[in-house]
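Inside the fold
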Amino acid sequence: AQSVTQLDSHVSVSEGTPVLLRCNYSSSYSPSLFWYVQHPNKGLQLLLKYTSAATLVKGINGFEAEFKKSETSFHLTKPSAHMSDAAEYFCVVRLTDSWGKLQFGAGTQVVVTP
Amino acid sequence: GAVVSQHPSRVICKSGTSVKIECRSLDFQATTMFWYRQFPKQSLMLMATSNEGSKATYEQGVEKDKFLINHASLTLSTLTVTSAHPEDSSFYICSASQGQGYEQYFGPGTRLTVT
């Protein structure tokens, strides 16, 4: 079975400092992994995706993630947090079923303090 | 980029009534659409998967007679919450895809409140 585990339910950072959101995956196959962001009462926005190409994936708004097979991890990072980064972040794996269903992690709430 | 809309964005209804939520792909043909439910401060839970012209496939524990899904065209899917009760109050999000292996594009969500 495929799944993702987000290791932190809540992360608090100061504006201008690095952000690290941790995600481990479980998959028998080479997974397709995604990071989505959700601002309060809003829909989901795709930050970046890994689909077996380059292991270092660059996304929007300065975010990037590195796929590490040896560690079964896909952590999301940003060098310098901005107040607008305060949101909920979801690590997601695409299942290898016939429809390409997505399995969401539990989410990480990011708080950015001035 | 691909755009998915949902209507309404927010709805309040009385207990026992039915509510219909629409999900539209605006600039692409969506062979497959997905419906998710999200409780406050929780993750998204997949409710069902629908392919155009076929019956929806529901996830375990989701009542198909309560959550009616119709995917009659390649650009429109609807979710009808029948005989709604307060416990059905939630944020419902749809996504659309051109098929397996293609990216899912998410709608902005619909906030349902049942009084």
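Shown above is the structure to which this text applies.
In this report, we go over the structure that sits alongside the text.

Rules behind the numbers
- Residues numbered from 1 in each chain as written.
- Chains lettered and ligands numbered in written order.
- Predicted model: local features only at pLDDT ≥ 70, side-chain atom pairs only at ≥ 80, totals over all residues.
- Heavy atoms only, no water.
- Salt bridge = Lys/Arg side-chain N within 4 Å of Asp/Glu carboxyl O.
- Buried < 20%, exposed > 50% of the residue type's maximum accessible area, 1.4 Å probe, protein only.
- Helix = DSSP H or I, 4+ residues; strand = E, 2+ residues; numbered from the N terminus.
- Pairing = 2+ DSSP bridges.

Quick notes on the pattern of salt bridges
Residues and elements named next belong to chain A. Tallied over the entire structure, the rule returns 7 salt bridges over all chains. Taking the shortest distance from any N to any O, the salt bridge between Glu64 and Lys58 comes out at 2.7 Å. Residue Glu64 is classed as partly exposed on the basis of its relative accessible area, which comes to 24%. Here Lys78 makes a salt bridge to Asp85, at a shortest N to O gap of 2.8 Å. Residue classification places Asp85 among the buried positions, given a relative accessible area of 5%.

A closer look at the pairing of strand β10 (residues 87–94) of chain A
All names here are of chain A. Among the 8 residues in β10, 8 count as buried, and that is most of the element. Residue alternation in β10 divides its side chains into two sets, Ala87, Tyr89, Cys91 and Val93 and Glu88, Phe90, Val92 and Arg94, and both sets are buried. Looking at chain direction, strand β5 (residues 32–38) and β10 are connected through 7 bridges and run antiparallel. Bridging across to β10, Val37 finds its partner in Tyr89. In terms of strand pairing, β10 meets strand β12 (residues 108–113) through 3 bridges, oriented antiparallel.

These figures come from the coordinates and say nothing about function on their own.
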